[in-house]
Each structure stands twice: as structure tokens, then as C-alpha cells.
Amino acid sequence: MKRALSLAVLISGNGSNLQAIIDAIEAGELDAEIRLVISNIGDAFGLERARRHGLDARVLDHREFADRKTFDTALAQALDTVEPDFIVLAGFMRILGADLVERYQHRILNIHPSLLPNYKGLDTYQRALDHGETRHGVSIHLVTAALDDGPVLLQGSYPIEADDGVEQMAAKGHALEHRMYPAILGWLAEGRLTIDRGQAYYDRVHLQSPIQFSA
Ligand code: GRF
């Protein structure tokens, strides 16, 4: 029998993406198992969400480590105990060092609230508004050592209406995110999406550009 996709989810805050993944698993829509949730923030609400669903939820407070390297080493040790197929960054606000990224090469996913390569980094909604953009979106990409820079696998977009501010954009973005993460994890679980030496294949066709999310 095919084994469920095993996941470790890293969070720093609200955990609404984590919740969307949990809900999809519990609804039988996603054949995956969350083996571990780690937050670098002790009072992140996402930890509470994880515990409510009986998940192993641990805190690794980066401030308790001398530097990024020792934090990353502790993170790797925790991750290794559960041997995840994929590490899912869901609002995890720490940059992972090159050694950690290398260790889990092509197995770390991140979700970012912009149409990458545009608007890497923080405050993407405000920056898009400041630039007078008429569309914005969400990207899910493989993590590399550079910030918000790895190959983009999936993108979804939405229009910015004339009256929209940061709040409206965030609402549209989150609604998309909550469908996109379960969707891409589902494709990985089913073997429709495969990653081979950093190259992505969807239905065995080499992806030359991100899959456009619609549904
Ligand atoms: C999301 O908007 C995601 O794109 C960004 O951080 C936010 C996390 O939200 N990387 P949540 O913690 O999943 O609610």
C-alpha cells in the first residue's frame, strides 16, 4: 500500500495554512501525515491549533541559541527524528542557513504572498499597492539558500480592485493560500508532481514555468 506523504510543518504565528493542511487531511482530501509542527515562537497560535488536533508540536526558540548555525542544527535534529518527505514552511519567519537547506535539498517548500520573482521579502501587499499593481498573488516554491528564490512550482493570482487596501489583499491572498498548499501537497502525495534533482515534473512533463492555480 502507498504510504501517506509525511510532513513536518514549520510556523511562527497564526498557523492558518497549517490549519488548512490539517483540515484537508482530516477531510480525507489529502493523503498526508503531519509528523511534527515546530514553531520558533513560543506563543504562536499555530501551536495551539496543532495540539487541538493531537499533533506533536514543539517550540524551538531561536533566541535561546547562540547563532543561526546552532539553531539550524537543533532544527535538523528535531526534523530527523520524524524523517519527513517534505518540510513545509507555513509562515515561518526565519531564514534557513545553507547547510540546513542543503541537508533537505529539494524537500523544503515555502509559501510566499506575491507573484515571485516580484516582491520577495516582507510587506508585499503594501509594496504592490505602492507600485500601482492591478494583480497580486501567491507562490509556492522550493527553498534554496537565497530568500524567496527557489524554483516556483505553483502560482495563484487575484485582481487588486480600486478600493482594495492591505486588508482586502491579505484576505484574498489567504483564501488562495489555504487552497494552494493542500492542492500541491496532494499532487506530491499522489505522485502527480515529482521533484528530481531540483527539476519539477507534473504528470511527467518537465515544468518550464509555474503551474497556474485555478479551481
Ligand atoms: C502567509 O501569508 C504566508 O504567505 C506567509 O506568512 C503567512 C502565514 O500565515 N509566508 P499563517 O501563519 O499560515 O496564518
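The structure displayed is predicted, hence computed values, not measured ones. (Residues numbered from 1 in each chain as written. Predicted model: local features only at pLDDT ≥ 70, side-chain atom pairs only at ≥ 80, totals over all residues. Heavy atoms only, no water.)

> Explanation requested: helix H3 (residues 68–82) in the structure shown.
Given 3.6 residues per helical turn, the α-helix brings residues three or four places apart onto the same face. Counted at 1.5 Å a residue, the expected span for H3 with its 15 residues is 21 Å, and the 22 Å between its end C-alpha atoms agrees. For H3, the set of buried residues is Phe71, Asp72, Ala74, Leu75, Ala76, Ala78, Leu79 and Val82. On its buried face, H3 is in contact with strand E1 (5–11), strand E2 (32–39), strand E3 (57–59), strand E4 (86–89) and helix H4 (98–103). (Helix = DSSP H or I, 4+ residues; strand = E, 2+ residues; numbered from the N terminus. Expected span 1.5 Å × (residues − 1). Buried < 20%, exposed > 50% of the residue type's maximum accessible area, 1.4 Å probe, protein only. Contact = heavy atoms within 4.5 Å.)

> How do you make sense of unusual backbone geometry when you look at a structure like this?
Across the chain, the bulk of peptide bonds are trans and the bulk of non-glycine residues have phi less than zero. A cis amide bond, omega 15°, links Leu116 with the succeeding residue Pro117. Its place among the elements puts Pro117 in the loop between strand E5 (108–112) and helix H5 (124–130). In the Ramachandran plot, His106 falls in the positive-phi region, its phi being about 65° despite a non-glycine side chain. Since its relative accessible area comes to 26%, His106 is described here as partly exposed. Backbone geometry at Asp203 places phi at a positive 50°, although glycine is not the residue there. Of note, Asp203 is situated in the loop between strand E9 (199–202) and strand E10 (205–206). Exposure remark for Asp203: the relative accessible area of 37% places this residue in the partly exposed category.

> Please clarify how the packing of aromatic side chains should be interpreted in this entry.
Two aromatic rings are characterised by how far apart their centres lie and by the angle between their planes. If you walk through the whole model with that rule in mind, you get 2 aromatic pairs. On the basis of an interplanar angle of 70° and a centroid distance of 5.6 Å, the ring pair of Phe65 and Phe71 is categorised as edge-to-face. With a relative accessible area of 25%, Phe65 lands in the partly exposed category. For the ring pair Trp187 and Tyr202, a centre distance of 5.2 Å and an interplane angle of 70° mean the geometry is edge-to-face. Pair noted here: Trp187 is in helix H6 (residues 166–190) and Tyr202 is in strand E9, with a separation of 15 residues, a long-range link. Take Trp187: its relative accessible area is 15%, and that puts it in the buried class. Over the face of the ring belonging to Phe71 we find Arg94, whose NZ or CZ atom lies 5.7 Å from the ring centre. (Phe/Tyr/Trp six-rings, centres within 6.5 Å; stacked < 30°, edge-to-face > 60°. Lys NZ or Arg CZ within 6 Å of the ring centre and 35° of its normal.)

> How should the sheet that holds E4 be read in this particular structure?
The strands that make up a sheet are held in pairs by hydrogen bonds between backbone atoms, and each pair lies either parallel or antiparallel. Pairing is mixed in the open sheet, where 8 strands are placed in the order E3-E2-E1-E4-E5-E6-E7-E11. Only two strands of the sheet have a single neighbouring strand rather than two, namely E3 and strand E11 (211–212). Here E4 pairs with E5 via 3 bridges, running parallel. Considered in E5, the bridge of Val88 is made with Leu109. The sheet strands contacting H3 are E1, E2, E3 and E4, and the helix crosses E2 at an angle near 160°. (Pairing = 2+ DSSP bridges. Axes fitted to C-alpha atoms, helices over the stretch in contact; angles between N-to-C directions.)

> How should the pairing of E1 be read in this particular structure?
Sheet faces and side chains relate simply in a regular strand, where the side chains alternate between the two faces. The buried fraction of E1 is high, at 7 of 7 residues. The side-chain alternation of E1 yields two buried faces, one formed by Leu5, Leu7, Val9 and Ile11 and the other by Ser6, Ala8 and Leu10. Sheet topology note: the E1/E2 ladder contains 7 bridges and is parallel. Bridging across to E2, Leu10 finds its partner in Ile38. With helix H1 (residues 16–26) bridging E1 and the parallel E2, this β-α-β connection has right-handed handedness. (Right-handed = clockwise from strand over helix to strand, strands pointing away.)

> What is the right way to look at the sheet that holds E9 in this model?
Taken in spatial order, the 3 strands of this open sheet run E8-E9-E10, and their pairing is antiparallel. In this open sheet, the two strands that pair with only one neighbour each are strand E8 (193–196) and E10. Bridging between E8 and E9 involves 4 bridges; their strand directions are antiparallel. Following the sheet pairing, Leu193 is matched in E9 by Tyr202.

> Help me out: how do you make sense of the nonpolar core in this one?
Buried together is how nonpolar side chains tend to be arranged in soluble globular proteins. Counting 47 residues, the largest nonpolar core has Leu7, Leu109, Tyr181, Ile184 and Leu185 as the members making the most contacts within it. Top contributing element to this core by residue count: H6, with 11 residues. Excluding anything up to four places from it in sequence, Tyr181 contacts Asn17, Ile21, Val88, Leu89, Ala90, Leu109, Asn110, Ile111 and Ile140. Counting 21 residues, the second largest nonpolar core, distinct from the first, contains Leu75, Leu79, Ile87 and Leu100. (Core = buried A, V, L, I, M, F, W, Y, C linked by side-chain atoms within 4.5 Å.)

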